[in-house]
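The lines below spell out each chain.
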Amino acid sequence: MYIYSMRKIVIGIVIAFVLSFILKKCTQGSSDKTIIREHSALIEKQINNVGKLIVTEGYFSDAYSYKNSKALFANLTSDKQALVIVNAEVTVGYDLSKIEFEIDSTNKILRIKSIPEEELKIYPSLEYYDVESGYLNAFNHDDYNKIKEIVTERLRKKIAASNLQINAKNRLVSELSKFYILTNSLGWTLQYNQSVIDTPDRLEILKL
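Residues numbered from 1 in each chain as written. Predicted model: local features only at pLDDT ≥ 70, side-chain atom pairs only at ≥ 80, totals over all residues. Heavy atoms only, no water.

### Digging into the pairing of strand S6 (residues 189-192)
Worth spelling out the cut-off: Any two strands between which DSSP finds at least two bridges are classified as paired. Helix numbering and strand numbering both begin at the N terminus, where a helix is a DSSP run of H or I of at least 4 residues and a strand a DSSP run of E of at least 2.
Relative to S6, strand S4 (residues 109-114) is paired through four bridges, and the arrangement is parallel. Counterpart to arginine 111 in the pairing with S6 is glutamine 191. Sheet topology note: the S6/strand S7 (residues 195-197) ladder contains three bridges and is antiparallel. Of the residues in S7, the one forming a bridge with tyrosine 192 is serine 195. What sits between the antiparallel neighbours S6 and S7 is a turn of two residues, in which asparagine 193 has the positive phi angle 50°.

Given below as structure tokens:
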């Protein structure tokens, strides 16, 4: 009788232990899933917060001498010319709302799939001086369009030789570094184009 009672007690303890273990595992699994869902939501919220248009502004000036000659007959020509003073506002922007990403909750990975191209906008203001034109070669709409095209191309070259686009890309990397800080703090992995971003310095590849 004593042995039988002890056996019942032991069996009861074992059953209680097994049930407690199963309950703990179930509770822990549920808790882990809740945490992962919370992390996923937090990462998505951060992406939405960063998803804005960041713009870097610059101002450029130029002077351009426009000349055009029109052959009339024999050796005669009709000339026109003008001095064009250019002042331009230039912006380089990134619309981060266009970032394509994937949240892999199972493997705790945030994958940045693509980053929008830069948007370069030039707003030139042109002032004309010393405008001279011949009776048979007067300034017309085509001249003004051609001047604007030439001026815009000259400005593009000036912009490329400046630090404006570099500064804009630095701002882009600064914004995207927030993803690294967040994922790293949560124990997640940040990837871009299959490359793991494991240090802040690795974010430099995002400039390419």
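### Focus: the environment of glycine 93
Short version of the rule: Burial here depends on accessible area, computed with a 1.4 Å probe over protein chains only, as a share of the maximum for the residue type. Under 20% is buried, over 50% is exposed, and the range in between is partly exposed. The contact rule is simple, with two residues in contact once any of their heavy atoms fall within 4.5 Å.
As for its position among the elements, glycine 93 is in strand S2 (residues 77-95). For glycine 93, a relative accessible area of 4% gives the class buried. The spatial distance from the C-alpha of glycine 93 to the C-alpha of leucine 53 is 6.5 Å, given a sequence separation of 40 residues. Once residues within four sequence positions are removed from consideration, glycine 93 is found in contact with Leu53, Ile54, Val55, Glu117, Glu118 and Glu119.

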